Amino acid sequence: MSDFLRNIRRAAPAIISASGFLLLAGCGQMNPPPPPTPVAFNPPSAAVAALPPTEVNRFHVGFAPGYAEIGPNGQSAINGAAAALQANPALIATLVGSADSDGRDQANLRLSRQRAMAVHDALMRTGKVKERQLDTHWVGDRRSGPNPAATTAGVSDRSVEITLH
């Protein structure tokens, strides 16, 4: 065996150790993932909250804590709202996603947005609703509008309220 190969053989463990160290050091230099993009509070206009109860029709889509998946009861509400929007194309549906007060403000805003968008998308998938008929908002665990009591009593904070007007 040549001297060159013997030297390589003796140096191999040191080269492998140094390579591993450099690889790990390089990983340590990687930037951590950026924090999630903040979600802004997006309440509906005060005019929607001020509508008299006799001039609106409301549907509610409830969600399990921490989730944005629509269950069978929620789909039934979506189908009812879609049928009403199809029957009267002049109607507008204001969707307001909300979350309960568990968790941080940004997490609740993000979850309420996911819920509102899930209902928005489900309404569009029915094929009965035009995009121009949907006005989508989210409020996290904050109550919207000048009159927070305007939300229907007994409705879960973990919901999307569909207001047809």
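These remarks concern the structure in this document. (Residues numbered from 1 in each chain as written. Predicted model: local features only at pLDDT ≥ 70, side-chain atom pairs only at ≥ 80, totals over all residues. Heavy atoms only, no water.)

1. Digging into the packing of aromatic side chains
As enumerated under the stated definition, the model contains zero aromatic pairs in all. Against the face of Trp-138 rests Arg-113, its NZ or CZ located 5.2 Å from the ring centre. Geometry around Phe-41 places Arg-142 over its ring, the cationic atom sitting 4.5 Å from the centre. (Phe/Tyr/Trp six-rings, centres within 6.5 Å; stacked < 30°, edge-to-face > 60°. Lys NZ or Arg CZ within 6 Å of the ring centre and 35° of its normal.)

2. Some points on the sheet that holds strand β3 (residues 134–138)
Across the sheet, four strands lie side by side as β1-β4-β2-β3; this open sheet has mixed pairing. The two strands at the open ends of the sheet, each matched to only one other strand, are β1 (57–62) and β3. In this sheet, adjacent strand axes meet at a mean angle of 15° when their direction is disregarded. Two strands pair when backbone bridges link them, and strand β2 (residues 93–97) and β3 are joined in this way by five bridges, in the parallel orientation. Directly across from Ala-93, in β3, lies its bridge partner Leu-134. (Pairing = 2+ DSSP bridges. Helix = DSSP H or I, 4+ residues; strand = E, 2+ residues; numbered from the N terminus. Axes fitted to C-alpha atoms, helices over the stretch in contact; angles between N-to-C directions.)

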